[in-house]
Amino acid sequence: MTKQEIVSISDLCVKVNNVTILDGLNLTVNQGEIHAIMGPNGSGKSTLAKVIAGHPNYNITNGTIKLKGCDITDIDPEVRAHMGLFLAFQYPIEIPGVSNIDFLRLSYNCKRKANNLPELDPLSFFQFISKKLELIGMDAKFLNRNVNEGFSGGEKKKNEILQMALLQPILSILDETDSGLDIDALRTIADGIKKIFTNEQSIILITHYQRLLDYIKPDFVHIMHEGKIKYTGDHTLAKELERNGYDLLNIKVLQ
């Protein structure tokens, strides 16, 4: 059975303050696939995540980004989100004065409205979100707290996974979701991701470390360097990278 293409990135070139960050990057992710992207600091991993999501501070000078065949290269971020794209931040921000449940309900209803679906009233939404909380093992008390305010690192990341469970994106980009987590929090976050992931979705995992990939086994591991994907392998590539470091990159490129 042929897998449906979820995202296709072709010859993507991006500049920030007239400095080239991505330089001819190509990547295709199909339905049901998990792709891990690794690479040294400054290789362009987080830039790639933000550009796919539509961050306005990044200047695309060449190339295209397609989501399920639709060119989204110049489409606004909120439209991309309504189309099924989700970005989990490396450092989720706090939003004082906005309760988590209001934020989640408005996010969910905005997506439903954009897709010509009826919005949920507060009671119906609470019943709906309660099932998502149970699925990922998150306490309902977090709904009444302000968005990420006073949350620990693990709680902030779990809140991102709750948003992912709620919005059910076709493509989730997780930008260093393992950053700042202890081993127990990492296992909890990974378990939550696995519980909500379906074969109709795809995930791009951006990480520095192999440890996240002990819990979420990717179909492909890509090594980025100097704004390009220089090498692609299966999940064993991450373990090889952990053993040998990025000196491995020079060996692979020369082969």
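Residues numbered from 1 in each chain as written. Predicted model: local features only at pLDDT ≥ 70, side-chain atom pairs only at ≥ 80, totals over all residues. Heavy atoms only, no water.

The name recorded for the protein chain in an unreviewed UniProt entry is Probable ATP-dependent transporter ycf16, from Neoizziella asiatica.

**A closer look at the sheet that holds strand S10 (residues 202–206)**
This is how the line gets drawn: Note on pairing: two strands pair once DSSP finds at least 2 bridges between them. Helix and strand definitions follow DSSP, with helices as H or I runs of at least four residues and strands as E runs of at least two, each counted in order from the N terminus. Orientation is described by axes fitted as lines to C-alpha atoms, over the contacting stretch for helices, and by angles from 0 to 180 degrees between their N-to-C directions.
Strand order in the open sheet formed by six strands is S6-S9-S10-S3-S11-S12, with mixed pairing between adjacent strands. Among the strands making up the open sheet, the edge pair consists of strand S6 (85–88) and strand S12 (228–233). For this sheet the average axis-to-axis angle between neighbouring strands, irrespective of direction, equals 20°. Looking at chain direction, strand S3 (residues 34–38) and S10 are connected through four bridges and run parallel. Bridged to His35 within S10 is Ile204.

**As for the environment of Gln168**
Stated formally: Contacts were defined at the residue level, with two residues in contact if any of their heavy atoms lie within 4.5 Å.
Relative to the helices and strands, Gln168 resides in the loop between helix H5 (153–167) and strand S9 (171–175). For the pair Gln168 and Glu200, spaced 32 residues apart in sequence, the C-alpha separation works out to 9.9 Å. Setting aside its immediate chain neighbours within four residues, Gln168 contacts Lys111, Lys132 and Gln201.

**Let's talk about the side chain of Ser43**
Note the following rule: Relative accessibility thresholds used throughout: buried, under 20% of the residue-type maximum; exposed, over 50%; partly exposed, between the two (1.4 Å probe, protein chains only). Under this definition, polar contacts are N or O atom pairs within 3.5 Å; protein pairs additionally need one hydrogen-donor-capable and one acceptor-capable atom, and for neighbouring residues in sequence, both atoms have to be side-chain atoms.
Structurally, Ser43 can be placed in the loop between S3 and helix H1 (45–53). Overall, the relative accessible area of 2% leaves Ser43 in the buried class. Polar contacts involving the side chain of Ser43 include one to the main-chain carbonyl oxygen of Pro40, which spans 2.8 Å. Contacts of Ser43, omitting those with residues within four sequence positions, involve Ile21, Met224, His225, Glu226 and Gly227.

**Focus: the packing of H5 against helix H6 (residues 183–196)**
Cut-off, in case you're wondering: Angles are sorted into four bins: roughly parallel if under 35 degrees, roughly antiparallel if over 145, roughly perpendicular if 65 to 115, and oblique for all others. Throughout, the ten residues Ala, Val, Leu, Ile, Met, Phe, Trp, Tyr, Cys and Pro are labelled nonpolar, Asp, Glu, Lys and Arg are labelled charged, and all others, Gly among them, are labelled polar.
Packing of H5 against H6 leaves a shortest axis separation of 10 Å and a crossing angle of 0°. It follows that H5 is roughly parallel to H6 by the angle criterion. Contacts between H5 and H6 involve Gly154, Lys157, Lys158, Ile161, Met164 and Ala165 from the former and Ala185, Thr188, Ile189, Gly192, Ile193 and Ile196 from the latter. Within the contact of H5 with H6, the residues separate by chemical class into seven nonpolar, three polar and two charged.

**Regarding the layout of surface pockets**
Our working definition: Think of a 1 Å grid over just the protein atoms. A cavity is a set of points where a 1.4 Å probe fits yet cannot get out, a pocket is an open set with protein on both sides within 12 Å along at least five of seven lines, and lining residues have an atom within 4 Å of a point. Grid points are joined across faces, edges and corners, and a volume is the space filled by probe spheres set on the points.
Taken as a whole, the largest pocket encloses approximately 780 Å³ of empty space. Around the largest pocket sit 30 residues that line it, and Ala81, Phe86, Leu87, Phe89 and Gln163 are the ones nearest its centre. Among the secondary structure elements, those contributing two or more residues to the lining of the largest pocket are H1, helix H2 (77–83), S6, helix H3 (100–114) and H5. The leading source of residues in the lining of the largest pocket is H3, at six residues. Class assignment of the residues belonging to the lining of the largest pocket gives a composition of 18 nonpolar, seven polar and five charged.

**Structural notes on the nonpolar core**
Proteins that are soluble and globular tend to have nonpolar side chains buried together. Where we set the bar: For this analysis, a nonpolar core means a set of buried residues of the types Ala, Val, Leu, Ile, Met, Phe, Trp, Tyr and Cys, connected via side-chain atoms within 4.5 Å.
Ranked by size, the top nonpolar core spans 41 residues in total, and within it Met164, Ile193, Ile203 and Leu205 carry the most contacts. Sequence-distant contacts of Leu205, that is, excluding residues within four places in its chain, are made with Ile34, His35, Ala36, Ile37, Leu174, Leu212, Leu213 and Ile216. Counting residues in hydrophobic clusters, the runner-up holds 27 residues, among them Ile6, Val29, Ile204 and Ile206.

**Let's talk about H6**
Cut-off, in case you're wondering: What a helix should span is 1.5 Å times the count of its residues minus one. Arc definition: it is the arc formed by the directions from the helix axis to the C-beta atoms.
Counted at 1.5 Å a residue, the expected span for H6 with its 14 residues is 20 Å, and the 20 Å between its end C-alpha atoms agrees. Those residues of H6 lying buried are Ala185, Leu186, Ile189, Ala190, Gly192, Ile193 and Ile196. The buried residues of H6 occupy an angular sector of 160° when the element is viewed end-on, so they sit on one face. Where H6 begins, the side chain of Asp182 points an oxygen toward the backbone nitrogen of Asp184, at a separation of 3.1 Å.

**Observations concerning the pairing of strand S1 (residues 5–16)**
Alignment of S1 against strand S2 (residues 19–30), held across nine bridges, turns out to be antiparallel. Across the sheet, residue Glu5 finds its bridge partner in S2, namely Asn30. Linkage of S1 to S2, two consecutive antiparallel strands, is achieved through a turn of two residues, within which Asn17 is found at a positive phi near 50°. Taken together, the seven bridges between S1 and strand S4 (residues 59–67) define a ladder with antiparallel strand orientation. Each bridged residue has a counterpart across the sheet, and for Ile9 the counterpart in S4 is Ile65.

**Brief notes about the pattern of salt bridges**
Pairing between side chains of opposite charge can happen when the charged atoms of each approach one another. Convention followed: Salt bridge, as used here: a side-chain nitrogen of Lys or Arg that lies within 4 Å of a carboxyl oxygen of Asp or Glu.
On inspection of all chains with the given rule, the structure shows six salt bridges. Glu94 is paired through a salt bridge with Lys156; the nearest N and O atoms lie 3.6 Å apart. One end of the pair, Glu94, is in the loop between S6 and strand S7 (95–99); the other, Lys156, is in helix H5, with 62 residues separating them in the sequence. Classification of Lys156 as buried rests on a relative accessible area of 17%.

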